[in-house]
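Letter by letter, the chains look like this.
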2 protein chains.
Amino acid sequence: MATSSSKFDPDFTQNVINAMGPKVDDRTREIFSALIRHLHDFAREVELTSDEWMTGVHFVNSIGQISTPQRNEGQRISDVLGLESLVDEIAHKLAMDTEEAPTSSSILGPFWSPNAPFRELDGSIIQDPAPNGQPALMHGKVLDVVTKKPIAGAIVDIWQASSNGKYDFQDTENQTDNNLRGKFRTDENGEYHFYCLHPTAYSLPTDGPAGALFTLLDRHPMRPAHIHLMANHPPQLQARLKDDLVVDFTPLEGDKNAQLELKYDIRLAPKGVAPNKELQANL
Amino acid sequence: MATSSSKFDPDFTQNVINAMGPKVDDRTREIFSALIRHLHDFAREVELTSDEWMTGVHFVNSIGQISTPQRNEGQRISDVLGLESLVDEIAHKLAMDTEEAPTSSSILGPFWSPNAPFRELDGSIIQDPAPNGQPALMHGKVLDVVTKKPIAGAIVDIWQASSNGKYDFQDTENQTDNNLRGKFRTDENGEYHFYCLHPTAYSLPTDGPAGALFTLLDRHPMRPAHIHLMANHPPQLQARLKDDLVVDFTPLEGDKNAQLELKYDIRLAPKGVAPNKELQANL
């Protein structure tokens, strides 16, 4: 893994960086200086051949060629290379450092919606039939991580893909708006409970460059079955749950609406101490 | 320019690299390990925000969307970021180290053609009329850089864009195959002479992502006027000329075919000592 930059023209990269004109703003200059430097260091380190480079060029071209307003292949590739999660990690780390609210729609991922309706406790986010979908009762308490006390009136925002692996706006043939989405307020005991689907593992689209990249890297394109969950109690408490957190669904008896149960307590931290976990069930 | 990776999860990047499966061949593993590491180091170093990342994702998608079999926007972007020239520099440096032949069509750039015809000395590569094109006589000697002696029978391969900035296969409306291309053999005195066009500076296409990148980086999209030249004397001598080499065209009198003259001697080195210069005239 030795870098071999010393073999090559030591001024090459700085010359490209210096080609930026005087009108470039500071942030753009910072980003492109670093991008060019790392890109060149990469090429020198692996001594990238012309054929490998041209393969990469064609690969980059193929990303946009399969993208549509409904299909963002660039984002998929970014995900496969770990960049999407890294940007998320950077944002959350910085949010914790600065105690600013760590929310933006792109941090929340492409499938969160600001329009999810509030639903009654004991209600269901299952609006539309899901073939082979197994209804499950999800419930638990929202607790203050510091005082350990239940928090009444906290908001739990839930979204998940249907049993075919698609979210509502990817699947307008089978799903109506806000299917498998909903916000719930905890009751006076800090409890929430609602019906959802036992989540289904699904494959990312494999008919494009992301699929080719999965094959090339000998990785599988399946995302573990998961439920997205964001909880907060404005203004001072917030948790966005995102991480590999394996949970167990258990059989449920005596409930006509579901045969499975998931009990999950959520601990809310003051901003600045927020954990960063996503509820994700590996089945 | 302090790297700030220590702030962030120290295992993040290695986990992504480790996701590669056992079937990945060694070279692919080497390339993607380095790519992922440099990509992540870049993001951490500049603390890339979610909005900046999403801007980048859309930019990558836009590259392929404007690309066609005749337009390789990915290659243009690679050129703007200096990667294309760097890969070329790496290949030539390695070729010199290993004394292997440094030729492949991608190293020679997108506009070289293996099909250029041999032409007679004093002939012209101008097959088709070029509006505002100025014919020029180019001539000189091919010399052995070690012995200083002229080399008879050396091959000089020339290609250039027309006065509209386009090469033959980009411009089938105005140019026939092999217009402004040709190979010449030096005579018994090691001399070559032929007619070409005084080269014209031209703009890269600016209606796509490369144009946007030029604007963002406050750079101009003009390529300096240049003539491509490759000379060799098989098997042991070779030079590919590629660099910023400013030459002067001088007025030429008494030649009905041209009003300009360029005298350019070419020094051929044994493989392993080959210079790496492109004849490029900044007008």
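In the annotation of an unreviewed UniProt entry, chain A is listed under the name Intradiol ring-cleavage dioxygenases domain-containing protein and assigned to Cryomyces minteri. In its Sequence similarities (unreviewed entry) section, UniProt records this for chain A: "Belongs to the intradiol ring-cleavage dioxygenase family." The record held by UniProt for chain A lists under Cofactor (unreviewed entry) the comment "Fe(3+)".

Peer 1: Could you give me a rundown of the relation of the copies chain A and chain B, with the residues and numbers involved?
Peer 2: With an RMSD of 0.1 Å, the operation that places chain A on chain B is a rotation of 180 degrees combined with a shift of 0.0 Å along the axis. Viewed as a symmetry operation, the transformation between the two copies matches a two-fold axis. Looking at the rotation axis and the C-alpha trace of chain A, the residue lying nearest is Gly64(A), at 2.0 Å. Comparing contact sets, 100% of the residues at the interface of chain A also lie at the interface in chain B, consistent with an isologous, same-surface contact.

Peer 1: An account of the pairing of strand β4 (residues 191-197) of chain B is needed here, citing residue identities and associated values.
Peer 2: Regular strands show a simple pattern: their side chains alternate between the two faces of the sheet. Residues and elements named next belong to chain B. Most of β4 is tucked away, with 6 of its 7 residues classed as buried. Where strand β1 (residues 135-144) meets β4, 7 bridges bridge the pair, whose relative direction is antiparallel. Directly across from glycine 140, in β4, lies its bridge partner tyrosine 192.

Peer 1: Describe in detail the UniProt feature "domain: Catechol dioxygenase N-terminal" (unreviewed entry) in chain A, supporting the description with residues and values.
Peer 2: Within this numbering scheme, the UniProt entry marks residues 25-93 of chain A as carrying the feature "domain: Catechol dioxygenase N-terminal" (unreviewed entry). Helix and strand shares over residues 25-93 of chain A are 83% and 0% respectively, and the end C-alpha atoms of the span are 25 Å apart.

Peer 1: An account of the side chain of Lys183(A) is requested, with residue identities and associated values reported.
Peer 2: Residues and elements named next belong to chain A. Secondary-structure assignment places lysine 183 in strand β3 (residues 181-185). One buried charged residue, lysine 183, remains without a salt bridge, the closest side chain of opposite sign being aspartate 157 at 4.9 Å. Residues contacting lysine 183, with those up to four places away along its chain left out, are Pro114, Ala116, Pro117, Phe118, Arg119, Ile155, Val156 and Asp157.

Peer 1: Describe the domain arrangement of chain A, naming the residues involved and giving the relevant values.
Peer 2: Residue and element names in this part refer to chain A. One can read the domain layout of chain A as domain 1 (11-77) and domain 2 (98-268). Tallying the contact residues gives 9 residues for domain 1 and 10 residues for domain 2. The junction of domain 1 with domain 2 conceals about 800 Å² of combined surface from both sides, 64% of it contributed by carbon and sulfur atoms. For the pair domain 1 and domain 2, the interface holds 1 salt bridge. A class-by-class count of the residues in the side of domain 1 that touches domain 2 yields 4 nonpolar, 2 polar and 3 charged.

Peer 1: Pulling in residues and values, what's your account of the pattern of salt bridges?
Peer 2: Under the counting rule described, the total for this entry stands at 17 salt bridges over all chains. One salt bridge connects Arg181(A) with Asp168(A), and the closest N-O pair in it is separated by 2.8 Å. Placement of the pair is Arg181(A) in strand β3 and Asp168(A) in the loop between β2 (155-159) and β3, with a sequence separation of 13 residues. Grouping residues by exposure puts Arg181(A) and Asp168(A) together as buried. For Glu30(B), the salt bridge goes to Arg27(B), with nearest N and O atoms at 2.9 Å.

Peer 1: Tell me what's going on with the interface of chain A and chain B, and back it up with residues and numbers.
Peer 2: Note on interface size: it is often stated as the accessible area lost on association of the parts. Listed by partner, the interface residues are 73 residues for chain A and 73 residues for chain B. Across the interface of chain A and chain B, roughly 6,500 Å² is buried in total on both sides, 67% from carbon and sulfur atoms. For the interface between chain A and chain B, the tally reads 4 salt bridges. When the shortest N-O distance is used, the salt bridge between Arg37(B) and Glu45(A) registers 2.6 Å. Counting across the interface, chain A meets chain B through 30 residue pairs in polar contact (both at pLDDT 80 or more). Residue assignment for the side of chain A that touches chain B shows that the elements contributing at least two residues are α1 (12-18), α2 (26-46), α3 (50-66), α4 (73-80), α5 (83-98) and α6 (209-216) of chain A. For the side of chain A that touches chain B, the leading source of residues is α2(A), giving 18 residues. Considering only residue class, the side of chain A that touches chain B consists of 35 nonpolar, 19 polar and 19 charged.

Peer 1: I'd like a rundown of the packing of aromatic side chains, residues and numbers included.
Peer 2: Under the definition given, this model contains 10 aromatic pairs over all chains. Ring centres 4.5 Å apart and planes at 10 degrees place the aromatic pair Phe184(A) and Phe194(A) in the stacked group. On the criterion of sequence distance, the pair formed by Phe184(A) in strand β3 and Phe194(A) in strand β4 (residues 191-197) is long-range, its members being 10 residues apart. A centroid spacing of 6.3 Å and a plane angle of 85 degrees characterise the contact between Tyr167(B) and Tyr202(B), whose relative ring orientation is edge-to-face.

So, how was this worked out
- Residues numbered from 1 in each chain as written.
- Chains lettered and ligands numbered in written order.
- Predicted model: local features only at pLDDT ≥ 70, side-chain atom pairs only at ≥ 80, totals over all residues.
- Heavy atoms only, no water.
- UniProt positions renumbered as here; feature names shortened; annotations may be inferred.
- Least-squares fit on C-alpha atoms with pLDDT ≥ 70 in both.
- Contact = heavy atoms within 4.5 Å.
- Buried < 20%, exposed > 50% of the residue type's maximum accessible area, 1.4 Å probe, protein only.
- Helix = DSSP H or I, 4+ residues; strand = E, 2+ residues; numbered from the N terminus.
- Pairing = 2+ DSSP bridges.
- Lys, Arg positive; Asp, Glu negative; His and termini not counted.
- Salt bridge = Lys/Arg side-chain N within 4 Å of Asp/Glu carboxyl O.
- Domains from an automatic or database assignment.
- Buried area = accessible area lost by both parts, 1.4 Å probe.
- Nonpolar A, V, L, I, M, F, W, Y, C, P; charged D, E, K, R; others polar.
- Polar contact = N/O pair within 3.5 Å; in protein donor to acceptor, adjacent residues only side chain to side chain.
- Phe/Tyr/Trp six-rings, centres within 6.5 Å; stacked < 30°, edge-to-face > 60°.

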